[in-house]
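# A closer look at the structure
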Amino acid sequence: MTTTLYGVAQGLSQLLLGTLARVLPSALAGVDSPGAVEALAVIIVGVIILATSMVNAIVLIWWERKLLGRFMDRRGAMHVGFAGLLQNFADGLKLFRKQPLTPAEADRLGYYLAPAAYLATSLMILGFLPISTGFIPGVAPLSLLMALAIFSFAPFFIFVGAWSANNKYSLIGGMRTAAQLVAYEIPLLFAVVSVVLLTGSFDLNTIVMDQAKDGWFALPLVLGLIVFTVAMLAEVERIPFDLPEAEAELVEGWNTEYGGMLFAMTMLTDYLRGLVASYLIVLLFLGWWPLPAGPLTAPLVSFPLAGILWFQVKVYVVFAVFVWIRASLPRVRTDQLLQIGWKRMIPLSLLNVVWAAALVVWGWPHLRWPSV
Amino acid sequence: MATDVKGIELAGKAKGTPTGPPVKRTPPAPEPSGVVSLVAYPMATAARQFVRSLWRPSTILYPYERLEDPTFRNEVKVASGAPIGVGQIWDNYRGVHALNIRTCISCNLCMFSCPDTCIEMVNTDLGGGKTKKCPEIDYGKCSFCGFCSDACPEGCLTMTASYTITTHTRSEMIYSPERMFAVYKSKLPMNPIRLARPENEDRILLDEDLCIGCNACARDCPTKCITMMDIPKPTAKPGEKLPRRIWKEPTVNDEDCVRCGTCISVCPKECLYWGGGK
Ligand code: SF4
Ligand code: SF4
Ligand code: SF4
C-alpha cells in the first residue's frame, strides 16, 4: 500500500495535535479529536499543494525564459542564482515590495477579488490532479470533470477584474476572454470525451492506470492530443491565442491596471494554468508517472520520488512545446480564433470521438475485427 | 484641360481628357494559408534557430565575457580582416579619452568643439608649482563623438578602446586631466591621431585701424606665435590728434598658429578676425 499525500498529512496532523494534547494543560486536552486531526490534515494538504505548485510555476517561468532565449538566439536570465534560476524569485520579491495602487475609478471589490479568485480557482484544480502514486490529494470518481469545470471558471473572473478596473484596454481584454471561451470549450470537451470513451471513467487515476496497462493514449488518439493541446493553449491564453493580453494592441490586456503584488498574482496564475494544462495533457494522453519498464529504469522505479520526477519531466517537455509554439507563431485575430475553433477543431474532435468509439467497438485495447 | 489652382492637371476630371494607358498593377501575392505554411514552416524555422543557438547563442555574456577575450579572437574581425588581438578592440573605438597633459597647450579647442558642453578647462598641477588649464570631461554628458580629439591640434587628446566607465556616483563620471593622463600612460589601444589640417584655412587677420597694440593676444596665444612688432609712429599734422595707443602691432606666424581663436576672443577692440582662406 502506497502512502498518499493525504495519508502523510493525516499522520503529520495526528503527530502534531497528539503532542500538543500531551503538552498542554488539561483544559485543552481535546485538541486531538478526530475532527480536528482531519481539519488540520486538509490544511496541511492544501499548504503542500500550494507550496509545491507555486514553486513549480515559478520554475516554469524560468524554463520558459531560458527556452525562449534560445529560440531568440540569446540566453535568457543568467545572473541571479545558477543560470538565472533565482531570477523569478527576485522578481517576485521586487513586485512584493511595490506600493499597491488602485485606479481611482475602479470598482474596488471586483478589482481586488478577481485576481484572488483567479489564483484560488486555478490552485483548486491541483487538488484533483494525481501527480504520482504518493502525491494523490484525494480520490474523486469525477476528478476529470471537476478539474475541467474549475478550469473554465477563470474567464469569468478575468472578465470581472477587467470590468472593475474601469479601463478600456482592460475591458476589451476581458471581452475577448469571454469571446474566446466559445471557440475552444467545445473541441476541448470533445477531445476529453474520446479519452473517457476509451477508459469508461471520469477518474483521472483510472485513466492513468489504463494507460500504464495499454500504452499512452497519445498513440491511438493523436488527433485528440492535437485538438486538446490547441484548445488548452486557448484556455490558458498563451500565444498564439493570447488575445485577452495582446500586449501589442491592448497595453497589457485585461491586467493593464494591476500592479505590484496583484500583477504578480495574475502573472503567476497564468503560469499556474500553463502548468495545469501541461499536467492535464500528460495525464490524459502521455501516460502520467509510471516509468517505462525495463532493465535500465529498474533502479529508478524503486527510488521514492521517481514517479514525481518522471511526471515533471514530461510536464516540462509538454510546456517546452508550448514555448516552441509561442516562439514560432503570431497571435491570431478573434475571427481567426473562432474559425480555427469552429471550422477546424470541432470537426477534428468529432472525427476523433468517432475514431475512439470505433476503437471501443473493435475491442480496445485488444483490437480485433468485429465478428459480423 | 482641368487644372487646380496651382496649375496641376486634374486627371480625368474634364470630359475627353486623354487618360493614357491603364496603369499596370501587380496582383497582391496570395495570403499564405494552410497548416504547412502557417504552422509547420514557422515552427521548423524556430526549431532550427533553437538548435543552432543551443551550444552558443550569439550574445556575449558581457561582464563575464568580453569581445576582446581570446575566445572571440577568431570570431570577430576588424574591417581589414585581421582578427582582434587579446585586450584589444577596434583601434578606432571611441572610448575613454587619453590626455597627454605634457603636450597640451591649453588652446580650448577641445572645449569649443564639444557639442555636449561636457569639457571644462581646469587648472592642472604639473608639478614644481606650475599649473596649466587642461580639459576635464564629464562622461555623464559625453556622447563619444570624438570631435574634441579631432580638434586637438597637438594630438594630445585622443580616444582609447576603454569602454568600462560605469560608476556608482555621478561625480565619479567626471574625469580630471590627471585621470585621463593615467589612461594615456596605461597604453590602451588609441585612435589614430589625425593632425592633417585643411588646405588654405582661414587665418588670423588684423584690422590695423582698430588695433591699440595692447599685447593681450600675444600674451594669451597658447602657441606663442604672435609677436608684437614695432610700427612707426606717424608724425601728427598740426591740429590732428593721434590715437592713444602703443605703437606695436601683432604679427601671426601662420605655421605655428593652431587656429584656436583665443586671440580673437581676448582682443578688447575686436580687431582680429578670420579670413584669407578659401
Ligand atoms: S585641444 Fe588639445 S591642446 Fe588644446 S586644450 Fe584641448 S587637449 Fe589641450
Ligand atoms: S567626445 Fe565627448 S568630450 Fe569630446 S567633443 Fe564629443 S562629446 Fe565632447
Ligand atoms: S588663433 Fe590666435 S591665439 Fe590661437 S594660436 Fe592662432 S594666433 Fe595664437
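Residues numbered from 1 in each chain as written. Chains lettered and ligands numbered in written order. Predicted model: local features only at pLDDT ≥ 70, side-chain atom pairs only at ≥ 80, totals over all residues. Heavy atoms only, no water.

### Considering the overall build of chain A
On a plain count of helices and strands, chain A comes out with 14 helices and zero strands. Counted from the first residue to the last, chain A has its helices and strands arranged as α-α-α-α-α-α-α-α-α-α-α-α-α-α. Counting the 372 residues in chain A, one finds 49% classified as buried. Across chain A, every contact between residues at least 6 apart in sequence was considered, and the portion connecting residues at least 24 apart equals 78%. A total of about 17,500 Å² of accessible surface is found on chain A, and carbon and sulfur atoms cover 73% of it. (Helix = DSSP H or I, 4+ residues; strand = E, 2+ residues; numbered from the N terminus. Buried < 20%, exposed > 50% of the residue type's maximum accessible area, 1.4 Å probe, protein only. Contact = heavy atoms within 4.5 Å. Areas by Shrake-Rupley, 256 points an atom, 1.4 Å probe, with all protein chains shown as cover.)

### Focus on the overall build of chain B
Tallying secondary structure elements over chain B gives six helices and nine strands in all. Across the 278 residues of chain B, 32% fall into the buried class. For chain B, contacts bridging at least 24 residues in sequence account for 66% of all contacts bridging at least 6. For chain B, the accessible surface area stands at approximately 18,500 Å², while carbon and sulfur atoms represent 56% of it.

### Observations concerning the site of ligand 2
Close to ligand 2 lie 15 residues; Cys114, Cys142, Cys145, Gly146 and Cys148 of chain B are nearest. Looking at the shell around ligand 2 residue by residue, the class counts come to 11 nonpolar, three polar and one charged. (Near = heavy atom within 4 Å. Nonpolar A, V, L, I, M, F, W, Y, C, P; charged D, E, K, R; others polar.)

### Considering the interface of chain B and chain A
Taken together, the contacts link 18 residues of chain B with 12 residues of chain A. Taken together, both faces of the contact between chain B and chain A bury some 1,400 Å²; the carbon and sulfur share is 63%. Area buried by chain B at its contact with chain A is led by Met43, Phe50 and Leu61 of chain B, which between them contribute 36% of it. Our count for the contact surface shared by chain B and chain A stands at zero salt bridges. (Buried area = accessible area lost by both parts, 1.4 Å probe. Salt bridge = Lys/Arg side-chain N within 4 Å of Asp/Glu carboxyl O.)

### Some details on the site of ligand 1
Contacts to ligand 1 come from 14 residues, most closely from Cys104, Ile105, Cys107, Cys110 and Cys152 of chain B. Grouping the amino acids of the shell around ligand 1 by side-chain chemistry returns 12 nonpolar, two polar and no charged.

### With respect to the domain arrangement of chain B
Residues and elements named next belong to chain B. Parsing chain B into structural domains produces domain 1 (97–185) and domain 2 (203–275). Relative to domain 2, the C-alpha centre of domain 1 lies at a distance of 31 Å. Contacts between domain 1 and domain 2 engage seven residues on the former and six residues on the latter. When domain 1 packs against domain 2, the two sides together hide about 430 Å² of surface, and 66% of this comes from carbon and sulfur. For domain 1, the biggest contributors to the area lost against domain 2 are Ile105, Cys107 and Leu109; these three give 65% of the whole. (Domains from an automatic or database assignment.)

### Describing the layout of surface pockets
Taken as a whole, the largest pocket spans an internal volume of roughly 1,300 Å³. Lining the largest pocket we find 38 residues, and of these Val230, Phe241, Leu329 and Ile340 of chain A together with Val39 of chain B sit closest to its centre. Listing elements by their share of the lining of the largest pocket, those giving two or more residues are helix 9 (222–235), helix 13 (306–328) and helix 14 (334–361) of chain A together with helix 1 (34–55) of chain B. Per-class residue counts for the lining of the largest pocket are 27 nonpolar, five polar and six charged. The volume enclosed by the second largest pocket comes to roughly 860 Å³. As for the second largest pocket, its lining consists of 32 residues, of which Ile61, Phe263, Met267, Leu268 and Tyr271 of chain A are closest to the centre. At the level of elements, helix 2 (34–71), helix 3 (87–96) and helix 11 (260–285) of chain A are the ones that each hand at least two residues to the lining of the second largest pocket. Looking at the lining of the second largest pocket element by element, the count peaks at eight residues for helix 11 of chain A. Split into classes, the residues belonging to the lining of the second largest pocket amount to 17 nonpolar, two polar and 13 charged. (1 Å grid on protein atoms, 1.4 Å probe; cavity = no way out; pocket = protein on both sides within 12 Å on 5 of 7 lines; lining within 4 Å. Points joined across faces, edges and corners; volume = space filled by probe spheres on them.)

### Brief notes about the sheet that holds strand 2 (residues 119–127) of chain B
Residues and elements named next belong to chain B. As summarised here, the arrangement of the three strands in space is 2-3-5, forming an open sheet in which the pairing is antiparallel. Taken across any chain shown, the strands that pair with only one partner, and hence form the sheet edges, are strand 2 and strand 5 (174–175). Bridge count for strand 3 (residues 130–138) against strand 5 is two bridges, and the pairing is antiparallel. The residue bridging Asp138 from the neighbouring strand is Ile174, located in strand 5. Those strands touched by helix 4 (residues 177–185) are strand 2, strand 3 and strand 5, and its axis lies near 80° from that of strand 3. (Pairing = 2+ DSSP bridges. Axes fitted to C-alpha atoms, helices over the stretch in contact; angles between N-to-C directions.)

### Things to note about the nonpolar core
Within the largest apolar cluster, 96 residues are counted, with the highest numbers of intra-cluster contacts made by Leu129, Phe228, Leu284 and Phe285 of chain A. The biggest single contributor to this core is helix 11 of chain A, with 15 residues. Dropping the residues within four chain positions of it, Leu284 of chain A is found in contact with Leu144, Val192, Val195, Leu204, Ile207, Gln211, Phe217 and Phe228 of chain A. Listed in part, the 23 residues of the second largest apolar core include Ala98, Cys110, Ile119 and Cys142 of chain B. (Core = buried A, V, L, I, M, F, W, Y, C linked by side-chain atoms within 4.5 Å.)

### Describing the side chain of Ser143 of chain A
Looking at where Ser143 of chain A falls in the secondary structure, it is placed in helix 5 (residues 143–151). In this view, Ser143 of chain A contacts Phe128, Phe202, Asp203 and Leu204 of chain A; residues no more than four positions away in its chain are not counted.

### Quick look at the environment of Leu350 of chain A
Residues and elements named next belong to chain A. When you line up the elements, Leu350 lands in helix 14. Residue Leu350 is classed as partly exposed on the basis of its relative accessible area of 38%. Sequence separation between Leu350 and Gln312 is 38 residues, and the spatial gap between their C-alpha atoms is 31 Å.

### Things to note about the side chain of Lys66 of chain A
Considering the arrangement of structural elements, one finds Lys66 of chain A in helix 2. In contact with Lys66 of chain A, other than residues within four places in its own chain, are Arg75, Gly76, Ala77, Met78 and Ala83 of chain A.

### Points about the pairing of strand 2 of chain B
Residues and elements named next belong to chain B. Where strand 2 meets strand 3, eight bridges bridge the pair, whose relative direction is antiparallel. Counted as the bridge partner of Met121 is Pro135 from strand 3. Counting the residues between successive antiparallel strands, the hairpin from strand 2 to strand 3 contains two residues, one of them, Gly128, with a positive phi of roughly 70°.

### Notes on the pattern of salt bridges
All names here are of chain A. For the coordinates displayed, the defined rule picks out 13 salt bridges over all chains. Glu64 is the partner of Arg326 in a salt bridge, and the nearest nitrogen-oxygen pair spans 2.7 Å. Of this pair, Arg326 sits in helix 13 while Glu64 is found in helix 2, placing the two residues 262 residues apart along the sequence. In this structure, Arg333 and Asp335 form a salt bridge, with 3.0 Å as the shortest nitrogen-oxygen distance. Arg333 gets classed as partly exposed once you look at its relative accessible area, which sits at 49%. Relative accessible area serves as the criterion here: at 38%, Asp335 is assigned to the partly exposed category.

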